[in-house]
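# Coordinate analysis (summary)
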Amino acid sequence: MLATKLAPRYGLDPPIRAGLWATAASSLAILLISMISPTFLPFLGAMCVFLLGMGVVSPLATARALSPFGEKAGAASALLGFWQMMNAAIGVWLAATVSHEAMFALGVVLSAFSLLALGLYTWGLRS
């Protein structure tokens, strides 16, 4: 619901960038929380910020990714869904491989993927 209010006012790129920054910062917070004091409430707060960022990024990034394809948007959407599910499977595998401590493993994987997404998006905007 927030993404639909932000996009008409600011366009697609600034809210996507802000959402990616929120996911990167909160995933690093999850990682720090898991190493310093793995308790529920700080984890919950960081996870809420992460999910808020993803709630902004996901619909706007999907719209931005599919907009150039016009009549081929169905095929592009299928490919996008495939990449999302494949990366989710890789993320689950990595989390299971990294550690048996669930919060730490989640923090490592979310941090890696969030920072990668932020870096790739920033690089894509510059080129």
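Below, the structure is looked at part by part. (Residues numbered from 1 in each chain as written. Predicted model: local features only at pLDDT ≥ 70, side-chain atom pairs only at ≥ 80, totals over all residues. Heavy atoms only, no water.)

## What about the overall build of the protein?
Within the protein, the secondary structure is distributed over five helices and zero strands. Its helices and strands in sequence order give the protein the pattern α-α-α-α-α, from N to C terminus. Counting only C-alpha atoms and orienting by the principal axes, one finds that the protein spans roughly 50 × 30 × 30 Å. Here the protein, with 127 residues, has 28% of them falling under the buried criterion. Here the analysis covers contacts within the protein between residues at least 6 apart in sequence; of these, 70% occur between residues at least 24 apart. Here the protein has roughly 8,100 Å² of accessible surface; of this, 74% comes from carbon and sulfur atoms. (Helix = DSSP H or I, 4+ residues; strand = E, 2+ residues; numbered from the N terminus. Buried < 20%, exposed > 50% of the residue type's maximum accessible area, 1.4 Å probe, protein only. Contact = heavy atoms within 4.5 Å. Areas by Shrake-Rupley, 256 points an atom, 1.4 Å probe, with all protein chains shown as cover.)

## Description of helix α3 (residues 40-66)
Compared with an ideal rise of 1.5 Å per residue, which puts 27 residues at 39 Å, α3 spans 38 Å between its outermost C-alpha atoms and is within 8% of the ideal. Listed as buried for α3 are Phe43, Ala46, Met47, Phe50, Gly53, Val56, Val57, Leu60 and Leu66. The secondary structure elements touched by the buried residues of α3 are α1 (2-10), α2 (13-36), α4 (73-98) and α5 (102-126). (Expected span 1.5 Å × (residues − 1).)

## Concerning the nonpolar core
If you look at the biggest cluster of nonpolar residues, it comprises ten residues: Ala3, Ala7, Ile16, Leu20, Ala24, Val56, Val57, Leu60, Leu118 and Tyr121. Sequence-distant contacts of Leu60, defined by excluding residues within four places in its chain, comprise Ala3, Ala7, Leu12, Pro15 and Ile16. Within the second largest apolar cluster, eight residues are counted, among which are Ile30, Ile33, Ala46 and Phe50. (Core = buried A, V, L, I, M, F, W, Y, C linked by side-chain atoms within 4.5 Å.)

## Comments concerning the packing of aromatic side chains
Enumeration over the complete set of coordinates arrives at one aromatic pair. Note on Phe82 and Trp83: the rings are 5.8 Å apart at their centroids and 70° apart in plane angle, and the pair reads as edge-to-face. Residue classification places Trp83 among the partly exposed positions, given a relative accessible area of 43%. (Phe/Tyr/Trp six-rings, centres within 6.5 Å; stacked < 30°, edge-to-face > 60°.)

## Topic: the side chain of Thr23
Mapped onto the elements of the fold, Thr23 is located in helix α2. Among the polar contacts made by the side chain of Thr23, one reaches the main-chain carbonyl oxygen of Leu20 at a distance of 2.8 Å. Excluding residues that lie within four positions of it along the chain, Thr23 makes contacts with Phe50, Gly53, Met54 and Ser114. (Polar contact = N/O pair within 3.5 Å; in protein donor to acceptor, adjacent residues only side chain to side chain.)

## Quick notes on α5
For α5, with 25 residues, the first-to-last C-alpha span of 36 Å sits near the 36 Å given by 1.5 Å per residue. Taken together, the buried positions of α5 are occupied by Met103, Ala105, Gly107, Val109, Leu110, Ser111, Ser114, Leu118 and Tyr121. Looking at the packing, one finds that the buried side of α5 touches α2, α3 and α4.

## Regarding the packing of α3 against α5
Contact pair α3 / α5: the axes reach a minimum separation of 13 Å and the direction vectors enclose 35°. Crossing angle aside, the handedness with which α3 passes α5 is left-handed. Within the contact between the two elements, α3 uses Phe43, Met47, Phe50 and Arg64 and α5 uses Met103, Leu106, Leu110, Ser114, Tyr121 and Leu125. Residue classes in the contact of α3 with α5 are distributed as eight nonpolar, one polar and one charged. (Axes fitted to C-alpha atoms, helices over the stretch in contact; angles between N-to-C directions. Left-handed = near helix turned anticlockwise from the far one by under 90°. Nonpolar A, V, L, I, M, F, W, Y, C, P; charged D, E, K, R; others polar.)

In short, shape yes, function no, at least from these values alone.
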